[in-house]
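# Coordinate analysis (summary)
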Amino acid sequence: MATKTLTFRIFLHDQLVDTRAFTQDVIKIGRLASSHLRLDDESVGRMHAVIEVGQSDVRLIDLGSNQGTLVNAAAIDRNQELRSGDRMQFGPFRIELAIADALPGVVSMVAPQAAESVKPAMTQAAAQVDLRQVEDTSRQVAEVVAMYGRSVIDVAHVGQTQARKRSALPLLGLGGLLFAGGLGLFGFEVAQPWQDYSAARVEAQKAHAEQPQAPGFGTGGLGLGLALLGLVPFMAGALRMREDVLDVYTIGESPAASFKVAGHDLPNAGATPLVERTANGGYALAFTPSMQGTIDFDGQEFGLSELVASGRAIARDGMYRYELPTGARAKIQHGAIGFQVSLVNRGAIVAGRSDVDWPFWAYAGGSGAISLGFYLLMRATPNDAMAFTVEDDEASARFARYIHQADEVDEVEPEQQDNATSEDSAGGTPGKRASGSEGQAGKPSSRNTNGAYKVAGNSRSIPQIGRTFNPEMQARSAGILGVLAQQNGHFLANASGGAFTVGQDDADIWGNVTGTGYAEAYGVGGLGLVGSNRGGGGANGLIGMGNTGLLGHGPGSGDGSSYGPGDGKLVGFAKKQGRPPAVHIGQAEGSGIDRDMVRRIVRAHINEVRSCYNMGLTKNPNLEGRVLIKFTILPTGKVSSTLIEENTTKESSVGDCIAKAVKRWSFPKVAKGTAIVTYPFRLTAG
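Criteria and cut-off values
Residues numbered from 1 in each chain as written. Predicted model: local features only at pLDDT ≥ 70, side-chain atom pairs only at ≥ 80, totals over all residues. Heavy atoms only, no water. Core = buried A, V, L, I, M, F, W, Y, C linked by side-chain atoms within 4.5 Å. Buried < 20%, exposed > 50% of the residue type's maximum accessible area, 1.4 Å probe, protein only. Helix = DSSP H or I, 4+ residues; strand = E, 2+ residues; numbered from the N terminus. Pairing = 2+ DSSP bridges. Salt bridge = Lys/Arg side-chain N within 4 Å of Asp/Glu carboxyl O. Patch = residues over 30% accessible without salt bridge, like charges linked within 9 Å, V, L, I, M, F, W, Y side chains within 5 Å. Areas by Shrake-Rupley, 256 points an atom, 1.4 Å probe, with all protein chains shown as cover. Axes fitted to C-alpha atoms, helices over the stretch in contact; angles between N-to-C directions. Parallel < 35°, antiparallel > 145°, perpendicular 65-115°, else oblique. Left-handed = near helix turned anticlockwise from the far one by under 90°. Contact = heavy atoms within 4.5 Å. Nonpolar A, V, L, I, M, F, W, Y, C, P; charged D, E, K, R; others polar. Expected span 1.5 Å × (residues − 1).

## Let's talk about the nonpolar core
Ranked by size, the top nonpolar core spans 31 residues in total, and within it Val 598, Phe 631, Ile 658, Phe 667 and Phe 681 carry the most contacts. Contributing elements (two or more residues each) for this core: strand E30 (582–585), helix H13 (595–604), helix H14 (606–619), strand E32 (625–633), helix H15 (652–663) and strand E34 (675–684). Leu 285, Phe 302, Tyr 322 and Ala 330 belong to the second largest nonpolar core, which has 30 residues in total.

As structure tokens, then:
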């Protein structure tokens, strides 16, 4: 307990702003909220100076501030003794000191009139400090001040913060458990056969079957969330394990020592305890026999040797330990370094939540909440709502229909023709093959093989010109005699034989079709005609295969001209002309919808298929082949999916284009369920 009362009159720019009085032994002056005299200005140090009140003197100690301390307008060197009436200068503040003997019950005094008169000025200066706001009177801590001579070189408070390592272990265990469990759930989901599941889904979609069940339990997201959640308590526990709590003030040469001094004369040269907490929450002073010092308590002063002699200091491990009573003050000298140990009230937590960077955490928390909200919204949306539907493509399909719209021409489907043709059809019917052996003609009993055939004429026949006789062309080169000489047989055609020049000779001669002269012959020269009867077999008056399939029974329908009855178009051959590239459609295969209706829809959109084919022809003019499209029609008539089952054109873009075109088409509504149709398109280059 100090025996003097110190009264401070505080001026800011020569204006009185506060008056304070103290009877305690140590008075702290600085910018910190825990200072007894708080001077709020940047030129004042956080812990600027300390005033110590002794039995015989009052001393001001500067704690190494940047601006220094002035007493009576003169800078002090580390410390200076104060007397009543001295003026101290701390930055812009001037403090006048008055020292008097302590009065009972006086703790602090304020001049009400002075304080009331300078309220506007106090908004710029430090406000009056209530010790109950900056000190925790329910608990005391040991304040250790290290001094070199009369200069303070270190200040520490033993027991100011409480150790939280006990709560760190449960946090570490909880975080590790959540992280390991969540990681296990996530790993289990990842290890499932997802590739096989994806392949099975594709196959089911192609077959329009039910989708397979997904593997696992769907706990991958939950596991990942638990793993991330477990990091929070784990990191909190790790930070608490690393908290540096000062429960023992040590001196020595080790980096772990609280204050570094020479290690000689110390039981542990690395770190020897000087002040430590006891099991009952108090504080004990530890000193060696070589240390000097005193203990001030309740107005009495005891030397260290007296404590040892009286047995109040207990010897242990080469040192003496003395438990400091409440209000005690010790001075220990170890070499050139002095330590002052005092039990003071614990500093209250005045910063608290104000140290939290609220804008940062508000931004981070808001961003996380928005991201989490979007994720939950996405997970809550049904899969069908996010899937691409046919209706979504209706806009693009509408423009495609306009581009590929067919000409408005009534197209009549060609009627199916029977295989049998009428006698008046173009080209006629081919002759039948004669029976018997091939390759021989003429009279079988003849030994000659070089004679040509002749056929006797009919007196009642009407002469006709043979089809091979063209006097206009042949007369230009050889004249009429040359034409007659080059004829094989008579130049007149047979009346019953049609256009063949047989039946106008003088007599029948059984021979080959060709030969060196007209004579009976048998053997080769039958031109592959079948049979050995007259004329090489076949009907009377015919050679081999009758009309040989070249001429019809009627007048013919070709573009060539000839002589004889009819319209002059006996020969059924037309001039060959080039054909443009075309798209031919086949028969639909499938069920669930009328095939004729499907065929009408396909024919209505055939120009879209032609457009795809023309696109392929620009790359390959000879492109042709068959494209087989399989598509599914929904009950609404929309095409839900298309699949290229076959494409022999070797041009994938053509098949893809046709499949996309089919997907845009609209069909009549399906009565029951869905309809699956397979439709072929044959592409020909002409």
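Next comes the rest of the account.
## A word on the pairing of strand E23 (residues 337–347)
Buried residues dominate E23, accounting for eight of its 11 residues. In terms of strand pairing, strand E22 (residues 329–334) meets E23 through six bridges, oriented antiparallel. In the sheet register, His 334 faces E23, and the bridge partner there is Ile 337. In this structure, the hairpin formed by E22 and E23 is closed by a connection of two residues, where Gly 335 is found at a positive phi of approximately 65°.

## Quick word on the pattern of salt bridges
Where charged atoms from two side chains of opposite charge come close, those side chains can pair. As enumerated under the stated definition, the model contains 13 salt bridges in all. A salt bridge links Glu 646 to Arg 626, with the shortest nitrogen-to-oxygen separation between them at 2.5 Å. Taken together, the residues span a long stretch of sequence, with Glu 646 in strand E33 (residues 639–647) and Arg 626 in strand E32 at a distance of 20 residues. Of the residues examined, Glu 646 reaches a relative accessible area of 28% and is grouped as partly exposed. Connected through shared salt-bridge partners, Arg 9, Asp 14, Arg 87, Arg 94 and Glu 96 make up one network.

## Structural notes on unusual backbone geometry
Positive phi values are uncommon outside glycine, yet Asp 14 reaches one of about 65°. For Asp 14, the position within the fold is in the loop between strand E1 (4–12) and strand E2 (15–22). Of note, the phi angle at Asp 265 is positive, near 65°, even though the residue is not glycine. Tracing the chain through its elements places Asp 265 in the loop between strand E15 (259–260) and strand E16 (272–277).

## Describing a nonpolar patch on the surface
Together, Phe 179, Leu 183, Phe 186, Val 190, Leu 224, Leu 228, Leu 231, Phe 234 and Met 235 line one region of the surface with nonpolar side chains, adding up to about 790 Å² of accessible area. Elements represented by at least two residues in the nonpolar patch include exactly helix H4 (165–190) and helix H6 (220–241). It is H6 that provides the largest number of residues to the nonpolar patch, a total of five residues. Position of Leu 231 among the secondary structure elements: in helix H6. Exposure remark for Leu 231: the relative accessible area of 35% places this residue in the partly exposed category.

## Describing the packing of H14 against H15
When two helices pack together, their arrangement is given by the angle between their axes and by how far apart the axes lie. At a minimum axis separation of 9 Å, H14 and H15 run at an interaxial angle of 165°. Between H14 and H15, the crossing angle belongs to the class labelled roughly antiparallel. Of the two possible hands of crossing, H14 and H15 adopt the one that is right-handed. In this structure, H14 uses Glu 608, Val 609, Cys 612, Met 615, Gly 616 and Lys 619 to contact H15, whose residues at the interface are Ser 653, Val 654, Cys 657, Ile 658 and Ala 661. A breakdown of the residues in the contact of H14 with H15 according to their chemical character gives seven nonpolar, two polar and two charged.

## Considerations on the environment of Phe 339
Take Phe 339: it is sitting in strand E23. Overall, the relative accessible area of 1% leaves Phe 339 in the buried class. When neighbours within four sequence positions are excluded, Phe 339 is seen to be in contact with Val 144, Val 145, Ala 146, Tyr 249, Ile 251, Phe 259, Leu 274, Ala 330, Lys 331, Ile 332 and His 334.

## Let's talk about helix H5 (residues 194–207)
Here H5 spans 20 Å end to end across 14 residues, near enough to the 20 Å set by a 1.5 Å rise per residue. Downstream of H5 by a residue or two, His 208 has a phi angle that is positive, lying close to 55°.

## Concerning the sheet that holds strand E7 (residues 70–71)
Taken together, six strands build an open sheet; the order of strands is E2-E1-E11-E10-E7-E8 and the sheet is antiparallel. Each edge of the open sheet is held by one strand with a lone partner, namely E2 and strand E8 (74–75). Direction of pairing for E7 relative to strand E10 (residues 87–90): antiparallel, over a ladder of two bridges. Opposite Val 71, over in E10, you have Met 88 as the bridge partner.

## Examining the pairing of E1
Extensive coverage of E1 is indicated by the burial of seven of its nine residues. Judged from the seven bridges that link them, E1 and E2 form a sheet pairing that is antiparallel. Note on E2: the bridge partner recorded for Thr 7 is Ala 21. Counted along the chain from E1 to the antiparallel partner E2, the turn is two residues long, and its residue His 13 has a positive phi close to 55°.

## Side note on the sheet that holds strand E20 (residues 314–316)
Strands sit in the order E15-E14-E16-E17-E21-E20 across an open sheet of six strands; the sheet is mixed. Edge positions in the sheet fall to E15 and E20, since each has one partner strand and no second. Sheet topology note: the strand E14 (residues 248–252)/E15 ladder contains two bridges and is parallel. Following the sheet pairing, Ile 251 is matched in E15 by Phe 259.

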